[in-house]
Amino acid sequence: MGFRLRATVFVMMAMLVLAGPARAHEFTGFIQAEGRLFTQSAIHEEQKDLSGSLALQPEYYHEFEDGSSFTLVPFYRIDTSDPERTHFDLREFTYLGLREDFELRLGVRKVFWGTAEVYHLVDVLNQTDLVENVDTEDKLGQPMVNLSLPGEWGTLDVFVLPYFRERTFPGKAGRLRGAAVVDTGRTQFESGAKEWHTDWALRYFKVLGEVDLGFAHFVGTGREPTLLDGKDGNGNPIKIPLYEQIHQTSLDLSYVAGGWLWKAEALYRAGQGDRDYFAWTGGFEYTFYGIADTALDLGILLEGMYDERGSLATTAFQSDIVAGLRLAVNDPQSTEVLVGWLQDTENASRGFFLEASRRLGNRWKLAVEIRADFGQPASDFLFDQRADDFMQIELNYYF
Amino acid sequence: MKYWIAGCLLGMTLLPGVAGAETPEEKGLAIALEDDRRDNGFGDYQAEMVMTLKNRQGETSQRFLRTRNKEVEGDGDKSIVIFDRPRDVKGTALLNYSHKDGNDDQWLFLPALKRVKRISSDNKSGAFMGSEFAYEDITSQEVEKYTYKWLREEPLEGEPCFVFERVPVYSNSGYSRQVVWLDQKEYRIFRIDFYDRKGDLLKTLTHRGHRKYLDRFWYPHEMFMVNHQTGKSTLLEWSDYQFGNGFQEEDFDQNSLKRAR
């Protein structure tokens, strides 16, 4: 990183000083204690059935007179069983410049694209922080320059991404991994510039009444690695991540009609593997409000996933259907439960997940997560994780 | 923003005492139009809110919110509500485009995922943040959302009031009707009784501490909602009203929702 990072830091600090003081120096964040219990005995060497960890994510925010702002969010987790899960990341380190005709965001950030609930197909700017959770919703901070141009015609975002972040993978002692451990020390890049290849992206967004439309194009180092077979020094099989140069065009849509929310995401990608491919995910969520004269809301969701590459896909969702129920209790503690059932349409593999949370008092929040997989044939993407059903309990303190 | 001219004309014909041979429905509508006319032209405002929820046992919990609001010519207002506390929802923000006809457009920003999510606004009778305020109680009140019927004149808090009934015409309301007490001099809402779908009295909303802004707009600083059926209540306190912020359309788009904090 060296010089460029230091230059960026310097520019940001200069902006901070020059822009002068204004509204707030806000300091917030959370501390989290997490326990995971794996209900089946480990099938891979060195894995453990119980793990505990602590995470800290403080946040500093300062807003200037004109609405411009600076945000700093570091993250650190310490894990008792997997050293790879003990990690630091700079989630955000951003200057947001607000001007009459545009917004400029400079620094390390997270950007989300997409509309689907379960599989975030078109969300490709940030790398997945996979050691955090297999649901791929945790992301590593991505250095970028982002120019956002709003207008009557919609919003156009231009992204220049000067540095690439490698995906995190569980280590030998970690659960939720393949039989062969991913050796991130031997990562390969298609580009000679390796992680310094400059990637770019464009995104157009427009609201048309009940429809939200997003259209994006990405060129650069694909965030999703192809895992190659290799051998370590002792001749044991390992996986070597290969990051290829890709071109990708994607579309994401949502349509709201009464209690119905329809969602669709699709992409066409070239450069990963031998041939171009098409993939989509989408479906609906319908909510029954105030069921049985209570404050309870119950949502039913159904989504499908398809990847043209079939069994050669680099994700677990090559041809699947997920059905779920979302319960919002609407109590002062904001109690929520989401359960889902995932079914592969081409083989017998199935999955179950539950995510529930409830606030305790004003500053605490308890979250429970259960994930289980059944019936994977040896050919399935998640076959090596067949014994990794787990229950996770998370207690967060917000300050 | 609203039917300004119609409001004016109708308003003139029905200044208190002038109203003659009109039906209770016409009189009720005329009062609503005059009220709407008086509320028009504020431009924009921002304010802070504290919500205190109290259950039957008297236990309380609080929410801290901020709101930005912009008047839209010919349609309902645009607004953003930003959540400050409880801390676990800090940074969550709700963008609402209110419409005279049909459902409002709503988006929710989820800060942990950095995700702007289109949400259904069909949930009008749902509790806002677990409080006794339903979504339909806090979104922009448009004349077109109800039919009206004048009931009587009656003093409240020592002020002569119009008492009229309004029935929601939009779908999925939790109410069969509302009875409104509006003071005749300044057109300030003093009280609303809400009747549930079965016709039973459900809630009473009381507005207190009205203050005048920009020399003509009266805004209450306390809204107290009590639920007669559950014994729960919510006190919504407003402070730091600021007008003339010069908000633009871009301050109420999906991009601005991401940085509204």
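1. What to know about the overall build of chain A
Here comes step 1: When its secondary structure is counted, chain A shows one helix and 21 strands.
Here comes step 2: The C-alpha radius of gyration of chain A comes to 22 Å, within 12% of the 21 Å expected for a compact globule of 399 residues.
Here comes step 3: Dimensions of chain A, computed from C-alpha atoms along their principal axes, come out at roughly 65 × 60 × 40 Å.
Here comes step 4: Here chain A holds 399 residues, and the buried ones make up 37% of them.
Here comes step 5: Long-range contacts, defined as pairs at least 24 residues apart, comprise 54% of the intrachain contacts of chain A with a sequence gap of at least 6.

2. Here's the deal with the nonpolar core
Here comes step 1: Of all hydrophobic cores here, the largest spans 42 residues; its most connected members are Ile 31, Ile 80, Ala 93, Leu 95, Phe 162, Phe 164 and Leu 182 of chain B.
Here comes step 2: Here this core gets five residues from one element, more than from any other, and that element is helix H2 (residues 24-39) of chain B.
Here comes step 3: Residues in contact with Phe 164 of chain B, not counting those within four places in the same chain, are Gly 28, Ile 31, Tyr 148, Lys 149, Trp 150, Leu 151 and Val 180 of chain B.
Here comes step 4: If you look at the next biggest cluster of nonpolar residues, it comprises 24 residues, including Tyr 119, Leu 121, Met 144 and Leu 267 of chain A.

3. Topic: H2 of chain B
Residue and element names in this part refer to chain B.
Here comes step 1: Here H2 spans 23 Å end to end across 16 residues, near enough to the 22 Å set by a 1.5 Å rise per residue.
Here comes step 2: For H2, the set of buried residues is Gly 28, Leu 29, Ala 30, Ile 31, Ala 32, Leu 33, Glu 34, Asp 35, Asp 36 and Arg 37.
Here comes step 3: A positive backbone phi angle near 95° is found at Gly 41, which sits one or two residues after H2.

4. A few points about the sheet that holds strand S8 (residues 188-189) of chain A
Residue and element names in this part refer to chain A.
Here comes step 1: The strand order S8-S12-S11 describes an open sheet built from three strands, whose pairing is mixed. Each edge of the open sheet is held by one strand with a lone partner, namely S8 and strand S11 (226-231).
Here comes step 2: Bridge analysis of S8 against strand S12 (residues 237-243) gives two bridges, and the strand direction is parallel. By the bridge assignment for S12, Phe 189 is matched with Tyr 243.

5. Concerning the pairing of strand S18 (residues 336-344) of chain A
Residue and element names in this part refer to chain A.
Here comes step 1: Sheet topology note: the strand S17 (residues 319-328)/S18 ladder contains nine bridges and is antiparallel. Bridge assignment links Ala 323 to a residue of S18, and that residue is Trp 341.
Here comes step 2: Sheet analysis places S18 next to strand S19 (residues 350-360), joined by eight bridges and oriented antiparallel. Its bridge partner being in S19, Val 339 is matched across the sheet by Leu 354.
Here comes step 3: Two successive antiparallel strands, S18 and S19, enclose a turn made up of five residues.

6. A look at the interface of chain B and chain A
For interface size, the figure often reported is the accessible area lost on association.
Here comes step 1: Contact with chain B, which involves 22 residues of that partner, is made by 32 residues of chain A.
Here comes step 2: When residues of the side of chain B that touches chain A are traced back to their parent elements, those giving at least two are strand S6 (115-119) and helix H4 (254-259) of chain B.
Here comes step 3: Ranked by residue count, the leading element in the side of chain B that touches chain A is H4 of chain B, at three residues.
Here comes step 4: In the side of chain B that touches chain A, the residues fall into four nonpolar, eight polar and ten charged.

7. Quick word on the pairing of strand S7 (residues 146-156) of chain B
Residues and elements named next belong to chain B.
Here comes step 1: Bridge count between S7 and strand S8 (residues 159-168): ten bridges; the pairing is antiparallel. Opposite Arg 152, over in S8, you have Val 163 as the bridge partner.
Here comes step 2: Counting the residues in the hairpin turn of S7 and S8 gives two residues, including Glu 157, whose phi is positive at 55°.

About the cut-offs
- Residues numbered from 1 in each chain as written.
- Chains lettered and ligands numbered in written order.
- Predicted model: local features only at pLDDT ≥ 70, side-chain atom pairs only at ≥ 80, totals over all residues.
- Helix = DSSP H or I, 4+ residues; strand = E, 2+ residues; numbered from the N terminus.
- Rg over C-alpha atoms; globule rule 2.2 N^0.38 Å.
- Buried ≥ 20, exposed ≤ 12 C-beta atoms within 10 Å, placed from the backbone.
- Contact = placed C-beta atoms within 7 Å.
- Core = buried A, V, L, I, M, F, W, Y, C linked by C-beta atoms within 7 Å.
- Expected span 1.5 Å × (residues − 1).
- Pairing = 2+ DSSP bridges.
- Nonpolar A, V, L, I, M, F, W, Y, C, P; charged D, E, K, R; others polar.

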